[in-house]
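A closer look at the structure
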Amino acid sequence: MPIPNHFLADMPKGLRALAADTIDAGTKLERRDFLKLATASGFALGVFPSAALAQAKGNEEVSTSALKPYQQPSAFVKIDRDGTVTVTINRLEFGQGVQTGLPMVLAEELDADWSKLHSVHGNADPAYLDPVMGMHLTGGSTAIKNSYVQYRELGARTRSMLLATAAKRWGVDPQSLRTQAGQVIGPRGKKLGYGELADEAMKMPVPQQVKLKGVKDFRIIGRATGRLDARAKSSGSQSYGIDMHLPGMLTAVVAHPPVYGSKIQSVDDAATKAIKGVRAVLRVPSVWGGELVAVLADGYWPAKQGRDALKIQWDSAAVGKVDSARQLAQYRELAKKPGALKFDVDVSALNGAVHKISAEYVFPYLAHTPMEPLNCTVRVTGAGKDAKVELWLGTQAPGWEVATAARVLGVAPQNVRVNVQMAGGGFGRRANPRSDYVAEACEIAKAARASGVDAPVRMIWSREDDVKGGYYRPMHVHRAEIGFDGKGKVIAWDHVIVGQSLAKGTAFEGFMVKNGVDTTTVEGMKEPYDLPMRLSVHHPELNAPVLWWRSVGSTHTAYVMETLMDEIARAVGQDPVAYRLQQFGDRHPRHKAALQLAVEKSGYGKRRLAEGRAWGVAVHQSFDSVVAYVVEASMKDGTPKLHAVTAGVHCNLAVNPRSVEAQVQGGALMGLGMCLPGAAITFKDGQVEQGNFNDYTVARLTDMPAITVHIVPSADAPTGMGEPGVPPLAPAFANAIAKLSGHTPRELPFPKA
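Source: prediction; values computed, not measured.

Take the overall build of the chain next. Summing up its helical and strand segments, the chain has 19 helices and 28 strands in all. Taken against the 2.2 N^0.38 rule, which gives 27 Å for 753 residues, the C-alpha radius of gyration of the chain at 27 Å falls within 12% of a compact globule. C-alpha atoms of the chain, sized along the principal axes, occupy 80 × 75 × 55 Å. Counting only residues that meet the buried cut, the chain has 60% of its 753 residues in that class. Looking at the chain alone, contacts between residues at least 24 apart form 77% of all its contacts between residues at least 6 apart. Here the chain contributes 86 positive and 73 negative side-chain charges, whose respective centroids are spaced 3 Å apart.

The following block contains the structure:
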């Protein structure tokens, strides 16, 4: 989910007051106004619970007038008597490696013994918000980037308190002591383990000023490190939200309407109630405005059997019915005329251009399909003002879930506790401002209590529910008219994008939609190239729920930009790498470094490829990191095949190079998946036509090419890596196909041969 740091400055005044008490410091909200604002925006207490301070850069001393909850070591560091250090992470671990990366950052400044380090998830407590965005959020590749200084300071503060405690015991100056691998070392070789000091140390005053290490002194940060969760995951012992079990718990499986927002005409549940283990059949409201039917049973299988046995007559007369063929025709017509402007320049020079390209691109809806389908366990205890709620789920935004549970169940937000669980993937699906699946689980728990069933409820979606259940990467159509001279210099570029807005209708609309343009739709356009581009956007409204998908707008903008830049280079007889480097000039050293590294390591231009193979190149920046791919591909019987990928990555300082490598490998495979025939969600008469992996293609192990990842050395503060590996893969692949076939694929996924 994309929330660049500068968006904080563009937030509506009330939301900024919630997000950061350092912004609009004079704004005071009465409780009634606070709740009114929070409810209207889809938020509530717990979403923006504390200040969002900008992080200090570099290694200088940090001084604050008062420490915030997210700066207090006691919320993040627990040291047992045997020296075991447990670090609480303020993000969801769902495959990106943050459960190892953030502890590495803290352990570096703490001088901890890495062999004795563990990590656990935080919750919706104010301590665990993102210190830059001011909310509880895992998204936008911000985990390491936004908490790098925060976790270093936490480690340094803890170390300072341990030193002070040891100095007090020995009656010496703390400056005379040093630390190493979980021990304080004093005069004449005296040693005290952190475990011996921890209880007393954590009662010490927390220092407001700490001096951080220089990069040259790092012994943990920057080293390729195995993941802390690797053993549990590889042995099958790791638990996820879907594995939750509570005494007396019932499992719910939901019948969703085939057309979003439909209401129920009638329900025949006789066959369902006859199934052994079924405890209740409940009608509950949907976040789309319609209704759902939930079957509660003693376990997943009877609940699913019960759901499948329901006979429901749906009423979809009052809701829109998306049809992919009609939608594409509508988008194509819209793309022929300007929309809301993002960039406005004079493009009249198109008429006299020596060379021209007219291009239309089509991108389908995409489902997130994380390995672990959506789930949420809800337990409600007490009643009235004393009611308390606990949730168990893998969520990217625990504060949003607090708000949703409080609203649906009618309890005070402070009486809602979110227990963040390990998640089996997400790709943006577990960061929904409407908290659709959490609202669904809470509505079921509420209806169950009202019907006399007082038990914890675990709601589980099936894979079919996941594929058909809504919230997709939007469908897009791009139309470009480009004029350029004989040397490849672009003299005019007229570009129109058509696609649904991700932010419209959410609490983010006020600062993510500017002059009618959703910033997520256009991210990645034009840059890093200095182009005279007129860019405009149309945002049609359709009854097809959309949500950010891993790397968001760059999933389509990178493809368009990088294939068109390649096409211009080929049209004027220039090498695509040389052409890009010429376009970068001296303005984009990180792009240049990443591309040159990938070129060097791949052997591009020096190594002769096997017959029938061609090189493809693309480079793109997203979430402040640059990834360049040089690929080898072939065509066999009209079917493209990707053989090898070499990546050059510039993410500044790589905290854990092994995690960077894994993220790029996973991102490349996901980018490849966008190209494979069948990788599309389509609609017919308002219904999603796909249902499972038999008719919705995802990349598999057999599709994975040989891939090597190379990181540009840097000592600058790290940037994000969860998403940047996705965007440039598809255009690099397409550029290789264009060299082999003479035609750039203008539509994803690639057609079947």
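Moving on, we come to the pattern of salt bridges. One pass over the structure, following the stated rule, counts 39 salt bridges. Notably, a salt bridge pairs Arg332 with Glu360, separated by 2.8 Å at the nearest N-O pair. Remark: Glu360 occurs in strand 13 (residues 355-363) and Arg332 occurs in helix 9 (residues 324-334); sequence separation between them is 28 residues. A relative accessible area of 22% places Glu360 in the partly exposed class.

With that settled, the discussion passes to the nonpolar core. With 113 residues, the main nonpolar core has Trp493 and Tyr629 as its most contacted residues. Not counting residues up to four positions away in its chain, the partners in contact with Tyr629 are Gly616, Val617, Ala618, Val645, Thr646, Ala647, Val664, Ala668, Gly725, Pro728, Leu729 and Ala732. Core analysis: the next-biggest nonpolar cluster, separate from the first, contains 45 residues, Ile89, Val184, Tyr194 and Phe218 among them.

Turning our eyes to something else, we now look at helix 11 (residues 436-450). Between the first and last C-alpha of helix 11 there are 21 Å, a value that for 15 residues agrees with the 21 Å anticipated at 1.5 Å per step. Within helix 11, twelve of the 15 residues are buried, which leaves the element mostly enclosed by the surrounding structure. Turning to helix 11, its buried residues are Asp436, Tyr437, Val438, Ala439, Glu440, Ala441, Cys442, Glu443, Ile444, Ala445, Ala447 and Ala448. Gly452, located one to two residues past helix 11, shows a positive phi value of around 95 degrees.

All right, on to the sheet that holds strand 22 (residues 533-538) then. Whether parallel or antiparallel, the strands of a sheet pair through hydrogen bonds between backbone atoms. If you trace the five strands from one edge of the open sheet to the other, you get 12-22-19-18-13, paired in mixed fashion. At either end of the open sheet lies a strand with only one pairing partner, and these are strand 12 (340-343) and strand 13. Ignoring strand direction, the axes of neighbouring strands in this sheet form an average angle of 15 degrees. Bridging between strand 19 (residues 490-499) and strand 22 involves six bridges; their strand directions are parallel. Looking at the pairing, Val498 lines up with His538 of strand 22. The strands that helix 15 (residues 554-571) touches are strand 13, strand 18 (476-484), strand 19 and strand 22; relative to strand 13, the one it contacts most, it runs at about 155 degrees.

Chain-level pLDDT for the chain is 92 on average; 91% of the residues reach the 70-or-more range. Predicted confidence is poor over residues 2-64, with pLDDT under 50, and the contacts of this stretch with residues over four places away or in other chains come to 145 contacts.

As a packed pair, helix 4 (residues 143-170) and helix 5 (residues 194-201) sit with axes 9 Å apart at the nearest point and diverge in direction by 95 degrees. Taken as axis vectors, helix 4 and helix 5 run roughly perpendicular relative to one another. On the side of helix 4, the interface is formed by Met161, Leu162, Thr165, Ala166, Lys168 and Arg169, while helix 5 contributes Tyr194, Glu196, Leu197, Ala198, Glu200 and Ala201. Among the residues forming the contact of helix 4 with helix 5, the class breakdown is seven nonpolar, one polar and four charged.

Looking at the chain, the domain boundaries give domain 1 (69-235), domain 2 (244-318 + 374-460) and domain 3 (337-366 + 472-741). Facing 15 residues of domain 1, the contacting portion of domain 2 comprises 17 residues. Between domain 1 and domain 2 lies a buried interface of about 1,100 Å² when both sides are counted; carbon and sulfur atoms form 66% of it. Its largest share of buried area at the contact with domain 2, domain 1 owes to Leu92, Phe94 and Asn123, together 43% of the area lost on that side. For the pair domain 1 and domain 2, the interface holds zero salt bridges.

Positionally, Arg159 belongs in helix 4. Judged by its relative accessible area of 25%, Arg159 is partly exposed. Along the primary structure Arg159 and Gly182 are separated by 23 residues, whereas in three dimensions their C-alpha atoms are 9.5 Å apart. With sequence-adjacent residues up to four places away left out, Arg159 is seen in contact with Glu109, Leu110, Asp111 and Thr179.

To continue, consider helix 15. Each turn of an α-helix holds 3.6 residues, which means side chains three or four residues apart point in the same direction. Between the first and last C-alpha of helix 15 there are 25 Å, a value that for 18 residues agrees with the 26 Å anticipated at 1.5 Å per step. Among the 18 residues that make up helix 15, 16 are buried, leaving the element largely enclosed by the rest of the structure. Where helix 15 terminates, the next one or two residues include Gly573, which has phi positive at roughly 70 degrees.

Right, let's get into the UniProt feature "domain: Aldehyde oxidase/xanthine dehydrogenase a/b hammerhead" (unreviewed entry) in the chain. Those residues carrying the UniProt feature "domain: Aldehyde oxidase/xanthine dehydrogenase a/b hammerhead" (unreviewed entry) are residues 235-318 in this numbering. In the segment residues 235-318, helix accounts for 18% and strand for 38%; the C-alpha atoms at its two ends are 50 Å apart.

Before going further, it helps to spend a moment on the side chain of Glu440. Tracing the backbone shows Glu440 in helix 11. For the buried Glu440, which has no salt bridge, the nearest side chain bearing the opposite charge is Arg429, at an N-O separation of 7.5 Å. Setting aside residues no more than four positions away along its own chain, Glu440 makes contact with Val254, His256, Leu292, Met459 and Trp461.

Before going further, it helps to spend a moment on the sheet that holds strand 3 (residues 117-121). Reading across the sheet, the three strands line up as 1-2-3 and stay open at both edges, with mixed pairing between neighbours. Edge positions in the open sheet fall to strand 1 (77-79) and strand 3, since each of these has one partner strand only. Shown here is a sheet whose adjacent strand axes are inclined to one another by a mean of 25 degrees, direction ignored. The strands that helix 3 (residues 98-110) touches are strand 1, strand 2 (85-89) and strand 3; relative to strand 2, the one it contacts most, it runs at about 125 degrees.

Turning our attention to the environment of Val572. Secondary-structure assignment places Val572 in the loop between helix 15 and helix 16 (576-584). Along the chain, Val572 and Asp485 lie 87 residues apart, while their C-alpha atoms are 8.4 Å from each other.

Let us look at unusual backbone geometry. Look at the link from Glu527 to Pro528: it is a cis peptide, with omega at 10 degrees. In this structure, Pro528 sits in the loop between helix 14 (519-522) and strand 22. Residue Pro749 is reached from Leu748 by a cis peptide bond, and omega for that bond is -5 degrees. Mapped onto the secondary structure, Pro749 falls in the segment after helix 19 (729-741). Phi at Asp685 takes a positive value of approximately 55 degrees, unusual for a residue other than glycine. Relative to the assigned elements, Asp685 resides in the loop between strand 26 (683-684) and strand 27 (687-688).

So, on to the pairing of strand 9 (residues 278-285). Where strand 9 lies against strand 10 (residues 291-297), seven bridges are found, and the strand directions are antiparallel. Paired with Pro285 across the two strands is Glu291, which belongs to strand 10. Counting the residues in the hairpin turn of strand 9 and strand 10 gives five residues, including Gly289, whose phi is positive at 100 degrees.

Turning our eyes to something else, we now look at the state of the cysteines. For the coordinates displayed, the defined rule picks out zero disulfides. Cysteine Cys376 remains unbridged, with the sulfur of Cys442 as its closest cysteine sulfur at 5.7 Å.

Turning our eyes to something else, we now look at the packing of aromatic side chains. A full pass over the atoms with the stated rule returns 17 aromatic pairs. Consider the rings of Phe733 and Phe750, whose centres lie 5.4 Å apart with planes at 65 degrees: the pair is edge-to-face. On the criterion of sequence distance, the pair formed by Phe733 in helix 19 and Phe750 in the segment after helix 19 is long-range, its members being 17 residues apart. One aromatic cluster is present, built from ring pairs that chain together Tyr260, Trp288, Tyr365, Tyr471, Tyr472 and Phe683. The ring of Phe343 has Lys526 sitting right over it, with the charged end atom 4.4 Å from the ring centre.

About the cut-offs
Here the residue index of a chain counts from 1 through its sequence in written order. Selection of residues for local features in this predicted model requires a pLDDT of at least 70, selection of side-chain atom pairs for listing and counting requires 80 or more, and totals for whole chains, interfaces and linings are taken over all residues. The side-chain quantities take in all heavy atoms of the structure and omit both hydrogens and water. The helix and strand labels rest on DSSP assignments: H or I over at least four residues marks a helix, E over at least two residues marks a strand, and numbering proceeds from the N terminus. For a compact globule the rule gives 2.2 Å times the number of residues to the power 0.38, and the radius of gyration it is set against comes from C-alpha atoms. Under the scheme applied here, a residue whose accessible area is under 20% of the maximum for its type counts as buried, over 50% as exposed, and between as partly exposed, the area being computed with a 1.4 Å probe on protein chains only. When checking whether two residues touch, look at their non-hydrogen atoms; a contact exists if any pair is within 4.5 Å. By the counting rule applied here, Lys and Arg register as positive and Asp and Glu as negative, while His and the ends of each chain are not counted. To locate a charge, take atom NZ for lysine, CZ for arginine, CG for aspartate or CD for glutamate. Salt-bridge detection follows one rule: a side-chain nitrogen of Lys or Arg within 4 Å of a carboxyl oxygen of Asp or Glu. Buried Ala, Val, Leu, Ile, Met, Phe, Trp, Tyr and Cys residues form a nonpolar core when they are joined through side-chain atoms within 4.5 Å. Working rule for helices: expected span equals 1.5 Å times residues minus one. Whether two strands pair depends on DSSP finding at least two bridges between them. Fitted lines through C-alpha atoms serve as axes, helices being fitted only where they are in contact, and the angles separating the N-to-C directions of these axes extend from 0 to 180 degrees. As a per-residue measure, pLDDT tells how confident the predictor is, with possible values from 0 to 100. Roughly parallel means an angle under 35 degrees; roughly antiparallel, over 145; roughly perpendicular, 65 to 115; everything else is oblique. The classification used treats Ala, Val, Leu, Ile, Met, Phe, Trp, Tyr, Cys and Pro as nonpolar, Asp, Glu, Lys and Arg as charged, and all other residues, Gly among them, as polar. Domain extents, as shown, originate in an automatic or database domain assignment. Buried area is understood as the total, over both parts, of accessible area removed when two parts are fitted together, assessed with a 1.4 Å probe. UniProt positions are given in the numbering used here, feature names are shortened, and annotations may be inferred rather than shown by experiment. Working definition: a disulfide is two cysteine sulfur atoms within 2.5 Å of each other. Aromatic pairs are defined between Phe, Tyr and Trp rings, using the six-membered ring for Trp, whenever the two ring centres lie within 6.5 Å; interplanar angles under 30 degrees are classed as stacked, those over 60 as edge-to-face, and all others as tilted. The rule is short: NZ of Lys or CZ of Arg within 6 Å of the ring centre and within 35 degrees of the ring normal puts a charge over the ring.

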